[in-house]
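# Structural characterization, general
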Amino acid sequence: MSSRQWMLSSVQYADAPGNPWFSWQYLRDNSDTVVSALVEHVSLTAQAVVLAAAVGLPLAVLAYWFRPLTGPILALSGVLYTIPSLALLAFVAPLVGTTRPASVLIALVLYALLLIVRNALAGLNQLPTEVLDAAQGMGYGRFARLFRVDLPLAVPAILTGLRLATVSTVALVTVGSLIGYGGLGDLILGGFRNNFYKAEILTGTVLCVALGLLLDLLLAGVGRLLMPWTRGARR
Amino acid sequence: MNAIEQAITWLNDPLNWTNPGGILDRLGEHLWISFAAVLIGCVVAWPIGLWLGHAGRGGGVVVLISNVTLAIPTVALLTILPLTALGFGRPPVILALAVFAVPPLLANAYTGVREIDPEARDAARGMGLSGFQLLTRVELPLAVPFLATGFRTASVQVVATAALASFVNGGGLGQIISAGFGLGMSVGGGQILAGALLVALLALSIEGLLALVERALTPRPLRRARRSRRRPATS
């Protein structure tokens, strides 16, 4: 693994022998902290992506059904996406309070929204017209067609959006360490503030990158399971 | 509502603008850091992207770089780089931001050359242009709209990410927000909101400005709704 090679070369770089980039000692002594940071990270990411999907998919369907709404919906999520994450967090925190992870969660959801809406909408808008004609000819109503034809066919695009949103959310959670709810980001920033404790910083970073790639692979695997919709198993 | 009034009061105090470390200072730092980072990104990414596109190789590498950088938290790079041989100060911050400027610049340069009509390339070959002449006289000018898109995406992303430099005391407008969080919500609430407003406005105005530049650089017949290849930001 390249991150491992990098770790090894970094160890040689460490000028002070007392502050290596990686230490098993640190991991052994602080396994509780590391695990709870990891759990917080995973839980924030999962909640944010699920909430963003719960808001984003209906928005995409709305934009798909009512074309005039496409512009406003994409523009709004685009503006939310352009606003820097730190500013988003700073907007939300005074209104929600900094003692709960809810501020971080809201900022993460607003941020992931665009990726999910845009990809789902692109998928829905690219459905072949013959299929839609056929569905209409078979007498499908609006909702039946949505759940039995439109959405299953758009699964690849929706999944792409979910994967992008998941990976960037994993990286973005670290920003929450500003108010102490940053999952692994708390390790990174905590290590920096704690006299530049390199082992803590690198542990947080490596776990964070690994988590992002792992979740991406996991979603890709789920996609493989979902793809054979031709069996008609999904109702 | 109290925080909003406080924010307006804070913004109305002229000393908050002109003091050392005030808004104008921070804005200058923010713009300078962002400019340097985008410049480094362009110098590195454009030649490589154009060359890969010209040679028609390395598409996989471009995608890989985009995906991997998406998973790296900005906070991690910002905390790790100052502890390497780079030392503290501006250079590690600028370098960390430049890393995130590379993927959109690279991907757009590559796509820009790949998307050129093969007939234009054939015609140029038929006129006796060498490979290098083909690149500089035909492919480069035709790729300019894509380069502009990449430049806009990268710039907006860097300006947004530069707000996070405040995590490691690296300057920029984010510093106002961090200082506000340091004061606590009851005292610093207004300052947090004011800082958020400034950072968000800066990002949105850079986006708007560069969108105009991009439009001006795109020849009229090409101004169809080109899918902007925006990369999700990790800021």
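Residues numbered from 1 in each chain as written. Chains lettered and ligands numbered in written order. Predicted model: local features only at pLDDT ≥ 70, side-chain atom pairs only at ≥ 80, totals over all residues. Heavy atoms only, no water.

Between chain B and chain A, the contact holds 42 residues from the first and 40 residues from the second. Both sides of the chain B and chain A interface together cover about 3,600 Å² of buried area, and 82% of this is carbon and sulfur. If you look at where chain B meets chain A, you find zero salt bridges. Our count for the chain B to chain A interface comes out at zero residue pairs in polar contact (both at pLDDT 80 or more). (Contact = heavy atoms within 4.5 Å. Buried area = accessible area lost by both parts, 1.4 Å probe. Salt bridge = Lys/Arg side-chain N within 4 Å of Asp/Glu carboxyl O. Polar contact = N/O pair within 3.5 Å; in protein donor to acceptor, adjacent residues only side chain to side chain.)

With that settled, consider helix 4 (residues 70-82) of chain A. Note on helix geometry: an α-helix contains 3.6 residues per turn, so any two residues three or four positions apart are oriented the same way. In this model helix 4 of chain A runs 18 Å from its N-terminal to its C-terminal C-alpha over 13 residues, within 8% of the 18 Å that 1.5 Å per residue would give. Buried within helix 4 of chain A we find Thr70(A), Ile73(A), Ser77(A), Gly78(A), Leu80(A), Tyr81(A) and Thr82(A). (Helix = DSSP H or I, 4+ residues; strand = E, 2+ residues; numbered from the N terminus. Expected span 1.5 Å × (residues − 1). Buried < 20%, exposed > 50% of the residue type's maximum accessible area, 1.4 Å probe, protein only.)

We now examine the nonpolar core. Leu86(A), Val175(A), Phe167(B), Ile177(B) and Phe181(B) are the most contacted members of the largest nonpolar core, which has 108 residues in total. The leading source of residues in this core is helix 6 (residues 102-125) of chain A, at 15 residues. Other than its neighbours up to four places away in sequence, Phe167(B) contacts Leu86(A), Thr174(A), Val175(A), Ser177(A), Leu178(A), Leu189(A) and Val75(B). In this structure, Tyr26(A), Ala37(A), Val170(A) and Leu215(A) belong to the second largest nonpolar core, which totals 10 residues. (Core = buried A, V, L, I, M, F, W, Y, C linked by side-chain atoms within 4.5 Å.)

The next subject is the packing of aromatic side chains. All names here are of chain A. Inspection of the entire model under this criterion finds eight aromatic pairs over all chains. With 5.1 Å between their ring centres and 75 degrees between their planes, Phe 192 and Phe 196 make a pair best called edge-to-face. Classification of Phe 192 as buried rests on a relative accessible area of 10%. For Phe 196, a relative accessible area of 29% corresponds to the partly exposed category. (Phe/Tyr/Trp six-rings, centres within 6.5 Å; stacked < 30°, edge-to-face > 60°.)

The next thing to look at is the confidence of the model for chain B. Per-residue confidence for chain B gives a mean pLDDT of 86, with 94% of residues at or over 70. No element of chain B has a lower mean pLDDT than helix 1 (residues 2-12) of chain B, which averages 81, and none a higher one than helix 3 (residues 23-55) of chain B, which averages 93. (pLDDT = per-residue confidence, 0-100.)

Between helix 5 (residues 85-96) of chain A and helix 10 (residues 185-217) of chain B, whose axes approach to 8 Å, the crossing angle comes to 145 degrees. Note on packing geometry: the crossing formed by helix 5 of chain A with helix 10 of chain B is left-handed. Contacts between helix 5 of chain A and helix 10 of chain B involve Ala87(A), Ala90(A), Phe91(A), Ala93(A) and Pro94(A) from the first element and Met185(B), Gly189(B), Ile192(B), Leu193(B), Ala196(B), Leu197(B), Val199(B) and Ala200(B) from the second. Classifying every residue of the contact of helix 5 of chain A with helix 10 of chain B by side-chain character gives 12 nonpolar, one polar and no charged. (Axes fitted to C-alpha atoms, helices over the stretch in contact; angles between N-to-C directions. Left-handed = near helix turned anticlockwise from the far one by under 90°. Nonpolar A, V, L, I, M, F, W, Y, C, P; charged D, E, K, R; others polar.)

Quick look at the environment of Ala37(A) now. Residue and element names in this part refer to chain A. The topology assignment puts Ala 37 in helix 3 (residues 31-65). Taking C-alpha positions, Ala 37 is 7.5 Å from Leu 187, a pair spaced 150 residues apart along the chain. Setting aside residues up to four positions removed in sequence, Ala 37 forms contacts with Gly 183, Leu 184 and Leu 187.

Before going further, it helps to spend a moment on empty space enclosed by the protein. All names here are of chain A. Taken as a whole, this structure holds two cavities of 30 Å³ or more when the rule is applied. Here the largest cavity defines a volume of roughly 80 Å³. In this structure, the largest cavity is lined by Ser 85, Leu 88, Leu 89, Val 104, Ala 107, Leu 108, Tyr 111, Leu 172, Val 173, Val 175 and Gly 176. Elements with a contribution of two residues or more to the lining of the largest cavity: helix 5 and helix 6. Of the residues assigned to the lining of the largest cavity, the class counts are nine nonpolar, two polar and no charged. (1 Å grid on protein atoms, 1.4 Å probe; cavity = no way out; pocket = protein on both sides within 12 Å on 5 of 7 lines; lining within 4 Å. Points joined across faces, edges and corners; volume = space filled by probe spheres on them.)

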